[in-house]
Amino acid sequence: MPLVRKLLRETITQQITEEVAKAAIELSKRGFGGLIVLIRKTSIKSILETGQSVQAKVSVPLIVSIFNPRSPLHDGAIVIQNEVIEAAQCILPLSQNPMIGSQYGTRHLAALGLSEESDAVIVVVSEETGAVSLAYDGKLY
């Protein structure tokens, strides 16, 4: 967790970090998959344009409701910037790195793909295993 805190501390408030962490744990407990993008310095306007505008304050209940499989917004990623969920249902680029093994699903490949193209921090919750991972700088933690 020291790496996560260091990365997030630079541009993301403690409150948002805590809300996202709690939401990831709750998604895992419920068996929901999730893909949460935390924008740092690099603009990802083209990614935001692929989704549905949300413009809502970050909260655990909202994140969990978005990723509920019955929600029309559950596919794709949510993008958080400046303490606001800017958009949901965003489409991320898949990693093209041939060194990445076949053990990863689409969510993980999408998180890695965006982390290869930007300085965003991406939280991934596996629907299958409940594992919570973090993608940054082309690596999965």
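Summary of the structure given here. If you're wondering where the values come from, they're calculated on a predicted model, not measured in any experiment.

Quick notes on the pattern of salt bridges
- Under the counting rule described, the total for this entry stands at three salt bridges.
- One salt bridge in this structure joins Glu49 and Lys45, with 4.0 Å as the shortest N-O distance.
- Residue Arg107 is joined to Glu127 by a salt bridge in which the shortest nitrogen-to-oxygen separation is 3.6 Å. Of this pair, Arg107 sits in helix α5 (residues 106–117) while Glu127 sits in the loop between β5 (121–125) and β6 (132–136), placing them 20 residues apart in sequence.
- Accessibility expressed as a relative area gives 23% for Arg107, which makes it partly exposed.

Observations concerning unusual backbone geometry
- Here the phi dihedral of Asn82 falls at roughly 50°; this positive angle occurs in a residue that is not glycine.
- Following the sequence through the fold, Asn82 ends up in the loop between β3 (77–81) and β4 (84–90).
- Look at Asn82 and you get exposed, because its relative accessible area is 66%.
- The backbone of Asp137 shows a phi angle near 55°, a positive value even though the residue is not glycine.
- Take Asp137: it is sitting in the loop between β6 and β7 (139–140).

Some thoughts on the sheet that holds strand β2 (residues 52–57)
- Strand order in this open sheet of seven strands is β2-β4-β3-β1-β5-β6-β7, and the pairing throughout is mixed. Each edge of the sheet is formed by a strand with only one pairing partner; in this case those strands are β2 and β7.
- Across two bridges, the pairing between β6 and β7 is antiparallel. The residue of β7 that forms the bridge with Ala135 is Leu140.
- Lying on the sheet, helix α2 (residues 14–30) is in contact with β1 (34–38), β2, β3, β5 and β6; it crosses β5 at an angle near 20°.
- Across the sheet, α5 touches β1, β5, β6 and β7, and the angle it forms with β5 is around 175°.

What counts, and where the lines are drawn
Residues numbered from 1 in each chain as written. Predicted model: local features only at pLDDT ≥ 70, side-chain atom pairs only at ≥ 80, totals over all residues. Heavy atoms only, no water. Salt bridge = Lys/Arg side-chain N within 4 Å of Asp/Glu carboxyl O. Helix = DSSP H or I, 4+ residues; strand = E, 2+ residues; numbered from the N terminus. Buried < 20%, exposed > 50% of the residue type's maximum accessible area, 1.4 Å probe, protein only. Pairing = 2+ DSSP bridges. Contact = heavy atoms within 4.5 Å. Axes fitted to C-alpha atoms, helices over the stretch in contact; angles between N-to-C directions.

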